[in-house]
Amino acid sequence: MTEKEIIKTIEAGESNHIKFAVTDIDGVLRGKIINKEKFFKGIKDGFGFCNVIFGWDINDICYDNGDVSGWHTGYPDAFANIDLNTFRTVPWNENIPFFLADFSNDKDVSVACPRTLLKNIKQQAVELGYTPLFSKEFEWFNFKETPQSLQDKNFTNLQPLTPGMFGYSLLRTSQYQSFYNDIFNLLRKFNVPLEGLHTETGPGVYEAAIEYADVLEAADRAVLFKTGVKEIAYRHEIIASFMAKWNSGLPGCSGHIHQNLLDANGKENLFYDAREKDGISKLMQHYIAGQLYCLPHIMPMFAPTTNSYKRFVEGAWASTSVSWGIENRTTALRVINHTPMNTRLETRVPGADANPYLSIAASLAAGLYGIKNKLPLQIEATKGNEYENKTSQKLPKDLDEATKVMKASPIAKELFGEAFVNHFILTREWEWKQYSEKETNWELKRYFEIV
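Keep in mind it's a predicted model, so treat the numbers as computed, not measured.

The rules we used
- Residues numbered from 1 in each chain as written.
- Predicted model: local features only at pLDDT ≥ 70, side-chain atom pairs only at ≥ 80, totals over all residues.
- Heavy atoms only, no water.
- Helix = DSSP H or I, 4+ residues; strand = E, 2+ residues; numbered from the N terminus.
- Buried < 20%, exposed > 50% of the residue type's maximum accessible area, 1.4 Å probe, protein only.
- Expected span 1.5 Å × (residues − 1).
- Phe/Tyr/Trp six-rings, centres within 6.5 Å; stacked < 30°, edge-to-face > 60°.
- Lys NZ or Arg CZ within 6 Å of the ring centre and 35° of its normal.
- Core = buried A, V, L, I, M, F, W, Y, C linked by side-chain atoms within 4.5 Å.
- Contact = heavy atoms within 4.5 Å.
- Polar contact = N/O pair within 3.5 Å; in protein donor to acceptor, adjacent residues only side chain to side chain.
- Pairing = 2+ DSSP bridges.
- Axes fitted to C-alpha atoms, helices over the stretch in contact; angles between N-to-C directions.

A separate point is the environment of K397. Structurally, K397 is set in the loop between α10 (356-372) and α11 (399-408). Take K397: its relative accessible area is 61%, and that puts it in the exposed class. Separated by 66 residues in sequence, K397 and T331 have C-alpha atoms that sit 16 Å apart.

Below, the discussion takes up helix α3 (residues 114-127). Between its terminal C-alpha atoms α3 stretches 20 Å, which fits the 20 Å expected from 14 residues at 1.5 Å a residue. Inspection of α3 places P114, R115, T116, L117, L118, I121 and A125 among the buried residues, and these make up the whole buried set. A positive backbone phi angle near 95° is found at G129, which sits one or two residues after α3.

With that out of the way, let us pick up the packing of aromatic side chains. Applying the stated criterion to the full structure yields 33 aromatic pairs. Cation over ring: K32 sits above F49, and NZ or CZ is 4.8 Å from the ring centre. Lying across the ring of F190, R88 places its NZ or CZ 5.7 Å from the centre.

Among the nonpolar cores identified, the biggest contains 116 residues, and W140, F225 and F416 are the most heavily contacted of them. Not counting the four nearest positions on each side in its chain, F225 is found in contact with F138, W140, L187, V192, L194, A208, I210 and F242. Counting residues in hydrophobic clusters, the runner-up holds 26 residues, among them F54, W56, V68 and C113.

Take α10 next. The end-to-end C-alpha distance of α10 is 24 Å, a good match for the 24 Å that 17 residues give at a rise of 1.5 Å each. Across the 17 residues of α10, 16 count as buried, placing the element largely inside the fold. If you check the start of α10, you find a side-chain oxygen 3.0 Å away from the backbone N of Y357, and it comes from N355. Looking one or two residues past α10, K374 carries a phi angle of roughly 50°, positive in sign.

Take the pairing of strand β13 (residues 333-336) next. A two-sided burial pattern is seen for β13, the buried positions comprising L333 and V335 on one face and R334 and I336 on the other. Pairing geometry for strand β12 (residues 324-326) and β13, over three bridges, is parallel. Paired with W324 across the strands is L333, a residue of β13. Strand direction decides the pairing type here: β13 and strand β14 (residues 344-347), joined by four bridges, are antiparallel. Bridge pairing in β14 links I336 to R344.

Pairing between the strands of a sheet comes from backbone hydrogen bonds, and it takes one of two forms, parallel or antiparallel. The strand order across the open sheet formed by five strands is β2-β1-β5-β4-β3, and the pairing between neighbours is mixed. Strands with a single pairing partner mark the edges of an open sheet, and in this sheet they are β2 (29-35) and β3 (47-50). Strand-to-strand twist of the sheet, defined as the mean angle between neighbouring strand axes without regard to direction, takes the value 40°. Pairing geometry for strand β1 (residues 17-23) and β2, over seven bridges, is antiparallel. Within β2, the position partnered with I18 by the bridge is I34.

In terms of burial, strand β6 (residues 131-143) is a largely internal element, 11 of the 13 residues being buried. Note that β6 and strand β11 (residues 257-262) share six bridges and pair antiparallel. The residue bridging F134 from the neighbouring strand is Q259, located in β11. Here β6 pairs with strand β9 (residues 213-214) via two bridges, running antiparallel. What sits directly across from F134, in β9, is A213. Here three bridges tie β6 to strand β10 (residues 239-241), and the two strands are oriented antiparallel to one another. Bridging across to β10, F141 finds its partner in S241.

Pasting the structure below:
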């Protein structure tokens, strides 16, 4: 639909209400419902949002170290602009019209806006003559709980939706068939179409792969997927958790990123070249080299919470080193080269808790860095079990270490700009300082339902 057609659809629609949302630094949707009159006025003028959404953490506690937003600013309104191209209706909420917005046109907070950052990185790819196609896949745990029961039980004795370790099980999904079907069918109606949905290894774990799309649309879908699944789960008296590692004895939850670059016309897959070994083009080799080189410098973009790093355990299906391989799920980067058009890269580092805009922006920016600088792919592809490779560079062990590396790195500032990096580092330093080993179930209380 064109923008004029979208406006006409809203004008003619029965609903007098429109829902829209922006995304904060942690990837959490913050939104409002507004009436039609305000919607049409705001298309031109923007929509006021207290700039505190970039001045507080995931639990709404105001930073004491922020530059973009803080008590020193008086918390004025920032102005978000709705992207009319994100129009969809919410099928589980009376088909209310829904839009995403960002702060691309607000000079004070645009540097902190995750969606704006991705738009800027995408533009760099376009100017280089590439069409970036991406998709996200998520693993998450489902529980027979409610927000109130979590509080009442102090996040103890949580009851998974189904028992046992039963990956790819048709039997387990039949236990809650209406919930399972709603995820697949309602999300498609919400314009977040899934390629596949199945159980994963762990009690009550599902995994979903979202269909490929333009890089910005892919990130939009990923953000909406997480919130959509949570809202659908609520309707079934289920809690869906995208926490990276809620239980140390179980596998964590991944948020893998699939990606390739097409030509400017979106026709030719530039990652494939029949003349090269394994069909991996020179361009893709540079792209892989860029990600491997940048990865240690930008880890908080992929692993943003204290809990994120508990997922990086050898033998637990999460990468622990700077590594790559062909069809190898023990490495940080996995090349998938089954067919020419579908040859792509899977970045396996992010957990399900990562902000999709930031993790996707980091993947694309690092890959482009390798292309721009013609970085050679000097790290050998891993064959077999990467966990047994003791010579590979290890990923940072915790958020504190990762944040310090990123803060000191000129690479991060080159990729994302100094203003964004400064703000993001402040938020990760704050996140690390909040961590408390003394408080029982601190990470569960902070991340379990919200990330």
